[in-house]
Amino acid sequence: MLKKIFLVLILVLIPLCLLATEPRTVVVISIDALHPDAISLAKPKNILYLMGKGVYSLNGKSETPPKTLINHTAMVVGKSPEESGYNFNNWKIGDRKVSIDTIFHDAKKVGYKTFYVYSKQNLGFLENDGIDKSYFAKDESVYLGQKIVEETKCDYFLFLHISGLDFIG
């Protein structure tokens, strides 16, 4: 009897193991102040490498006015500033945060662990209960994003905000 149970377990587990795949990953990278034409002109190796590994668009459009918090809020909530009511660019610790469902909530609903790495303090507005781990990393956002990619062994969604260009022009 024990041998039959063991054999049945093996016959059930082997196909399940064969179906196992690499973790599903979604990484959204937002580079403040990077115009798509700059990629075509400068041909940055790291960015082109990442583009070759995934899905990308160079046709995104900015909300008006083209301000960091306004545009990132639109990306994360999936609504224009007029639809969401979030049309401000100033936020500080202690102010209210986003109060509607975000892309992080959507990712969690389908089983992803969620990460948010941002490099401008006012993007703390977007922290919410759909995020498992959130990091404000002014000068280390790329490093933290890379660490998450290298160390996370489950399905995950990472929104990585990089602001260096915005500060140096």
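Notes on the structure follow. (Residues numbered from 1 in each chain as written. Predicted model: local features only at pLDDT ≥ 70, side-chain atom pairs only at ≥ 80, totals over all residues. Heavy atoms only, no water.)

Focus on the pairing of strand β2 (residues 113-118)
The side chains of a regular strand alternate, residue by residue, between the two faces of the sheet.
Item 1. Most of β2 sits out of view: five of its six residues are buried.
Item 2. Two strands pair when backbone bridges link them, and β2 and strand β4 (residues 156-162) are joined in this way by five bridges, in the parallel orientation. Its bridge partner lying in β4, Thr114 is registered against Phe157.
Item 3. Relative to strand β3 (residues 133-136), β2 runs parallel, the two sharing four bridges. Note that in β3 the partner of Val117 across the bridge is Tyr135. (Buried < 20%, exposed > 50% of the residue type's maximum accessible area, 1.4 Å probe, protein only. Helix = DSSP H or I, 4+ residues; strand = E, 2+ residues; numbered from the N terminus. Pairing = 2+ DSSP bridges.)

Quick word on helix α4 (residues 68-77)
An α-helical turn contains 3.6 residues, so a residue and the one three or four places further along point in the same direction.
Item 1. In terms of burial, α4 is a largely internal element, nine of the 10 residues being buried.
Item 2. Looking only at α4, the buried set comprises Thr68, Leu69, Ile70, Asn71, His72, Thr73, Ala74, Val76 and Val77.
Item 3. Looking one or two places after α4, you find Gly78, whose phi comes out positive at around 75 degrees.

Considering the pattern of salt bridges
Item 1. Going through the model one piece at a time under the given rule, you end up with six salt bridges.
Item 2. Residues Asp32 and Lys120 are paired through a salt bridge, measuring 3.3 Å at the closest nitrogen-oxygen approach. Linking Asp32 in the loop between β1 (25-31) and α2 (36-42) with Lys120 in the loop between β2 and β3, this pair joins segments that are 88 residues apart in sequence. Accessibility assignment for this pair places Asp32 and Lys120 in one class, buried. (Salt bridge = Lys/Arg side-chain N within 4 Å of Asp/Glu carboxyl O.)

A word on unusual backbone geometry
Item 1. Cis peptide bonds are those with omega within 30 degrees of zero, and the linkage from Thr64 to Pro65 qualifies with 0 degrees.
Item 2. In this structure, Pro65 sits in the loop between α3 (45-53) and α4.
Item 3. Even without glycine at this site, Lys43 takes up a positive phi of about 50 degrees.
Item 4. Within the secondary structure, Lys43 is located in the loop between α2 and α3.

Remarks on the packing of aromatic side chains
Item 1. Counted under the stated rule, the structure contains 10 aromatic pairs.
Item 2. On the basis of an interplanar angle of 20 degrees and a centroid distance of 4.7 Å, the ring pair of Tyr116 and Tyr118 is categorised as stacked. Pair check on accessibility: Tyr116 and Tyr118 agree, each one buried.
Item 3. When the ring of Tyr116 is compared with that of Phe159, the centres are 6.1 Å apart and the planes differ by 65 degrees; the resulting orientation is edge-to-face. Of this pair, Tyr116 sits in strand β2 while Phe159 sits in strand β4, placing them 43 residues apart in sequence.
Item 4. In this structure Tyr116 comes out as buried when scored by relative accessible area, which is 0%.
Item 5. Judged by its relative accessible area of 3%, Phe159 is buried.
Item 6. Members of the aromatic cluster, each reached through a chain of ring pairs, are Phe104, Tyr116, Tyr118, Phe136, Phe157 and Phe159. (Phe/Tyr/Trp six-rings, centres within 6.5 Å; stacked < 30°, edge-to-face > 60°.)

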